[in-house]
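# Structural features, examined
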Amino acid sequence: MGAGAQLRDAKSTELYARAVQRLPGGVNSPVRAMRAIGRDPIFVERAEGAEIVDVDGNRYVDYVCSWGPLIHGHAHPEIVDAVIAAARRGTSYGAPTEAEVDLADEVSRRIPSVEMLRMTSSGTEASMSAIRLARAATGRTKLLKFAGAYHGHLDGLLAEAGSGLATAGIPASPGVPDTATQQTVIVPWNDGEAVARACAEHEFAAILAEPYPANMGLVPPVEGFLDLLRNKATDNGALLVFDEVITGFRVGPGGAQERLGVMPDLTVMGKVIGGGLPAAAYGGSRTLMDRIAPAGDVYQAGTLSGNPLAVAAGLATLRLLDDTAYTRLAHTTEALAGGLREAAAHADVPVSITSVPGLLTVFFAESAPRDYEGAKACDLDGYGAWCRALLASGVYPPPSQFEAWFPSLAHTHEHLERTLEAAAAAFHEVAA
Ligand SMILES: *Cc1c(COP(=O)(O)O)cnc(C)c1O
């Protein structure tokens, strides 16, 4: 298929008509609805490796990969086997298991600042709990967060929260009381002076950051910015909390903190840690984590936390991530970013592409954004048209300018060739 190609969509259309009657917007999480790129959602039937097949039989090279968890691609045999074996032994006990201790060991071995951790079922829950701990440990309530950073849909942080919200153009959600966000100070990403001013004015419980923000598209920190956050947090008496839900186990074995050499007090993890099943965690020093109940007085709990199936998937996922895997993922990402750059240049479409191993964003702008304002100024219609053309040629990109592409270890040279061919045609189509 080339320019102007059409997807078969009879069954997806029929399912969507049914879905909107029962599910708000027809989906269980907003970005899946694909409204940001001006089309209806695609219903998936199955997936394997780097490819998904929709209910109408269209096949795509997938760059969403469940928004990050599937670093080994879909239905990796070892991960599926681990989940099946765990399920046969019982799906949930509400009592501790050996595998949870093994997973905690694996995480702690990799992430330098995490001596102890607590598992939850979602990243939202993990950041909510990390904030509770930061407030308990400091005796303060205020938080500093960056515009365009997303830490889950908890009330206090639903202000200028990037991706889904940025896409939908909702500044903050109705239903979030003022009192919840009044304690949150929002500062532009990569603006050291604004951070300094906020720190001079407020006593924070925590400074929260995605070390490589990927929910306004991928907008890496400028040189020295994370060091500045570390120093400002320490001087302020605040905890530095890195939300590594996307970057953890992806940009390198020890996440962004190891890659960039800046240690947070608390780390929020998710996505890859559950290998495609619902799992997340927060962790830090023994002293801090010993405040969590029942070791300490900060309450936090979860019926399905440390669920045996999720833990089995997470363990199998982490154990497959050796140095060779990270080298390969870095090469794949670079080849993809380079090829997309070339294809855009050839078609004379002004884009700028940011990337770190395992993540990239194609910004429809002459130069790469430094912050959320910059990301919002991109040609969103151009991005949407390009994405629709990609889908029609069998490539499934993140359906929003404010999300990252998630290349995986299942993406082969052949997948990249197919992707770049489709991308070139799609760039020509939007240039025309
Ligand atoms: C996805 C995400 C979350 C929220 O995780 P959920 O499991 O969707 O609740 C938090 N922080 C970041 C950086 C994320 O990308």
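Everything numeric here is computed off the predicted structure, so don't read it as measured data.

Criteria and thresholds
- Residues numbered from 1 in each chain as written.
- Predicted model: local features only at pLDDT ≥ 70, side-chain atom pairs only at ≥ 80, totals over all residues.
- Heavy atoms only, no water.
- Helix = DSSP H or I, 4+ residues; strand = E, 2+ residues; numbered from the N terminus.
- Expected span 1.5 Å × (residues − 1).
- Buried < 20%, exposed > 50% of the residue type's maximum accessible area, 1.4 Å probe, protein only.
- Salt bridge = Lys/Arg side-chain N within 4 Å of Asp/Glu carboxyl O.
- Domains from an automatic or database assignment.
- Contact = heavy atoms within 4.5 Å.
- Buried area = accessible area lost by both parts, 1.4 Å probe.
- Polar contact = N/O pair within 3.5 Å; in protein donor to acceptor, adjacent residues only side chain to side chain.
- Arc of directions from axis to C-beta.
- Pairing = 2+ DSSP bridges.
- Near = heavy atom within 4 Å.
- Areas by Shrake-Rupley, 256 points an atom, 1.4 Å probe, with all protein chains shown as cover.
- Nonpolar A, V, L, I, M, F, W, Y, C, P; charged D, E, K, R; others polar.
- Core = buried A, V, L, I, M, F, W, Y, C linked by side-chain atoms within 4.5 Å.

Our next topic: helix α4 (residues 123-138). With 16 residues, α4 should cover 22 Å at 1.5 Å per step; its first-to-last C-alpha distance of 22 Å lies within 8% of that length. Those residues of α4 not exposed but buried are G123, T124, A126, S127, S129, A130, I131, L133 and A134.

Counting across every chain of the model gives 11 salt bridges. A salt bridge links E106 to R109, with the nearest nitrogen and oxygen atoms 3.4 Å apart. Here E106 pairs with R109, and both are found in helix α3 (residues 98-110), just three residues apart, close to one helical turn. On the basis of relative accessibility, which here comes to 9%, the residue E106 falls in the buried class. Across the pair E106 and R319 runs a salt bridge, and its minimum N-O distance is 3.5 Å. Separated by 213 residues along the polypeptide, E106 in helix α3 and R319 in helix α11 (residues 308-319) bring together distant segments of the chain. The structure contains a network of salt bridges with shared partners spanning E51, R59, E414 and R418.

The next thing to look at is the domain arrangement of the chain. The domains assigned to the chain are domain 1 (10-63 + 323-431) and domain 2 (77-319). Centre-to-centre, using C-alpha coordinates, domain 1 lies 25 Å away from domain 2. Counting residues at the interface gives 24 residues for domain 1, matched by 28 residues for domain 2. Between domain 1 and domain 2 lies a buried interface of about 2,100 Å² when both sides are counted; carbon and sulfur atoms form 64% of it. Among the residues domain 1 hides against domain 2, the three largest losses belong to Y326, R370 and Y372. Together they make up 32% of the total. Taken together, domain 1 and domain 2 are joined by zero salt bridges. Counting the contacts that link domain 1 with domain 2 gives seven residue pairs in polar contact (both at pLDDT 80 or more). A total of four residues in the side of domain 1 that touches domain 2 trace back to one element, the largest contributor, which is strand β12 (residues 359-363).

Quick look at helix α2 (residues 77-88) now. Its 12 residues give α2 an end-to-end C-alpha distance of 16 Å, which sits within 8% of 16 Å, the value for a rise of 1.5 Å per residue. Restricting attention to buried positions, one finds in α2 the residues I79, V83 and A86. For α2, the angular spread of the buried residues around the axis is 65°, confining them to a single face. Exposed and oriented more than 90 degrees from the buried face of α2 are P77, D81 and R88. Positive phi shows up at G90, right after α2, with a value of about 115°.

Take the sheet that holds strand β3 (residues 59-62) next. Within the open sheet, the four strands sit side by side as β1-β2-β3-β13. Their pairing is mixed. Because the sheet does not close on itself, it has two edges, and the strands there are β1 (44-48) and β13 (395-396).

This part is about the site of the ligand. Taken together, the residues surrounding the ligand are S122, G123, T124, Y150, H151, G152, E210, N215, D243, V245, I246 and K271. Take K271: an N or O atom from its side chain is 2.6 Å from an oxygen atom of the ligand. For the ligand, the accessible surface in isolation is 380 Å², of which the surrounding protein chains cover 82%. Residues belonging to the shell around the ligand are distributed by class as follows: three nonpolar, six polar and three charged.

One can find A194 in helix α7 (residues 192-201). Residues in contact with A194, not counting those within four places in the same chain, are V187 and P188.

Time to look at the nonpolar core. Membership of the largest hydrophobic core comes to 49 residues, with the highest contact counts inside it found for L340, V362, W386, W405 and F427. Elements with a contribution of two residues or more to this core: β3, α12 (323-347), β11 (352-356), β12, α14 (380-392), β13 and α15 (413-431). Shared between two domains, this core holds at least three residues of each, these being domain 1 (10-63 + 323-431) and domain 2 (77-319). Setting aside its immediate chain neighbours within four residues, L340 contacts I353, L360, V362, W386, W405, L420, A423 and F427. Listed in part, the 30 residues of the second largest apolar core include C199, A233, L240 and V262.

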